[in-house]
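Understanding the architecture of this molecule
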Amino acid sequence: MALTSYIIGSGLTALIGGFSYNYIFGKEEKLEENDNLSESINYSLIDEKLNDNLVSSKETPKLGVTFKDKSNSIIKICREDCGFEIRNNSKKDRQKLLRYIREYERLGKLGFVNNHKKKYKRKQDLIKKI
């Protein structure tokens, strides 16, 4: 008799505890889901040399799956956003592409573009803003 009342009591306690836990913490999860975090937040970081680095909270787009996809994507980014051409016909160029791909995946698109943007491309961007 005591064993059955113990089983019923512990089962009932677990059921009530589960309901109360979902009631208390379920509201917090719903509030977190409603936050609009899809908008990116752009902010500047200043390093020890007082250089201004633009950083974004938006997820960096992937370059691709295969090496060919990644290399084509990084060549396109370098041509359009950074303002320089990468040749892809020697072992040195392949090593450079691998280094750029790793850097892009580590820093993200904004960090990569800020590190590799050429002076004349920066001047063109300033002229366009004015």
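It should be noted that the structure appears before, not after, this text.
Every chain is numbered independently, its residues counted from 1 as its sequence is written. Local features in a predicted model are, by the rule used here, given only for residues with pLDDT of at least 70; side-chain atom pairs are given and counted only at 80 or more, and totals for whole chains, interfaces and linings are based on all residues. With hydrogens and water set aside, each side-chain value is computed from the structure's full complement of heavy atoms.

A short note on the side chain of D93
- Helix and strand definitions follow DSSP, with helices as H or I runs of at least four residues and strands as E runs of at least two, each counted in order from the N terminus. Here D93 shows up in helix α3 (residues 91–107).
- Residues count as neighbours in contact if any of their non-hydrogen atoms are within 4.5 Å of one another. With near-sequence residues (within four places) excluded, D93 lies in contact with R87 and N88.

Quick word on the packing of helix α2 (residues 67–82) against α3
- Fitted lines through C-alpha atoms serve as axes, helices being fitted only where they are in contact, and the angles separating the N-to-C directions of these axes extend from 0 to 180 degrees. In contact at an axis separation of 10 Å, α2 and α3 are set at 80° when each is read in the N-to-C sense. On the basis of their axis angle, the class for α2 and α3 is roughly perpendicular. Mapping the contact onto sequence places F67, K70, S71, I74, I75, I77 and C78 in α2 and R94, L97, L98, Y100, I101, Y104 and E105 in α3.
- Split by residue class, the contact of α2 with α3 holds 10 nonpolar, 1 polar and 3 charged. By definition in this entry, angles of less than 35 degrees are roughly parallel, angles greater than 145 are roughly antiparallel, angles of 65 to 115 are roughly perpendicular, and the rest are oblique. In the scheme used here, Gly and all other residues not listed as nonpolar or charged are polar, with Ala, Val, Leu, Ile, Met, Phe, Trp, Tyr, Cys and Pro taken as nonpolar and Asp, Glu, Lys and Arg as charged.

Digging into the pattern of salt bridges
- Basic side-chain nitrogens of Lys or Arg form a salt bridge, by our definition, when they fall within 4 Å of a carboxyl oxygen of Asp or Glu. A complete count under the given rule lists 3 salt bridges for this structure.
- E85 serves as the salt-bridge partner of R79, at 3.2 Å between the closest nitrogen and oxygen.
- The rule is simple: take the accessible area with a 1.4 Å probe, protein chains only, and divide by the maximum for that residue type; under 20% is buried, over 50% is exposed, in between is partly exposed. The exposed category is assigned to E85, whose relative accessible area is 55%.

Topic: the nonpolar core
- I74, C78, I86, Y100 and F112 are the most contacted members of the largest nonpolar core, which has 14 residues in total.
- Secondary structure elements with two or more residues in this core: α2, α3 and α4 (109–116).
- Broken down by element, the residue count for this core peaks at 5 residues, all from α2.
- Apart from the residues within four sequence positions on either side, C78 is in contact with G83, F84, I86, Y100 and F112. By nonpolar core we mean a set of buried residues, namely Ala, Val, Leu, Ile, Met, Phe, Trp, Tyr and Cys, connected to one another through side-chain atoms within 4.5 Å.

Let's talk about α4
- Along α4, the residues that are buried comprise G111, F112, V113 and H116.
- The inward-facing, buried residues of α4 abut α2 and α3.

Observations concerning the state of the cysteines
- By disulfide we mean two sulfur atoms from cysteines, separated by a distance within 2.5 Å. All told, the structure shown has 0 disulfides when counted by the stated rule.
- Between C78, a cysteine without a disulfide, and C82, which holds the nearest cysteine sulfur, the sulfur-to-sulfur distance is 4.9 Å.
- Using a relative accessible area of 0% as the deciding quantity, one classes C78 as buried.
- According to the relative accessible area criterion, C82 is buried, its value standing at 0%.

A closer look at the packing of α3 against α4
- Contact geometry for α3 and α4: axes closest at 6 Å, N-to-C directions at 130°. Classified by the angle between their axes, α3 and α4 sit oblique to one another. Contact residues: α3 offers Y100, E103, Y104 and L107, while α4 offers K109, G111, F112, N115 and H116.
- Class assignment for the residues of the contact of α3 with α4 results in 4 nonpolar, 3 polar and 2 charged.

Here's the deal with α3
- Expected helix span is taken as 1.5 Å per residue step, with the number of steps being one fewer than the number of residues. Along its 17 residues, α3 runs 24 Å from first to last C-alpha, staying within 8% of the 24 Å computed at 1.5 Å per residue.
- Those residues of α3 not exposed but buried are D93, L97, Y100, I101, E103 and Y104. End-on, the buried residues of α3 take up no more than an arc of 165°, which puts them together on one face. Turned more than 90 degrees off the buried face of α3, the exposed positions are K91, K92, R102 and R106.
- Just beyond α3, the residue with positive phi is G108, at close to 95°. As used here, the arc belongs to the directions running from the helix axis to the C-beta atoms.

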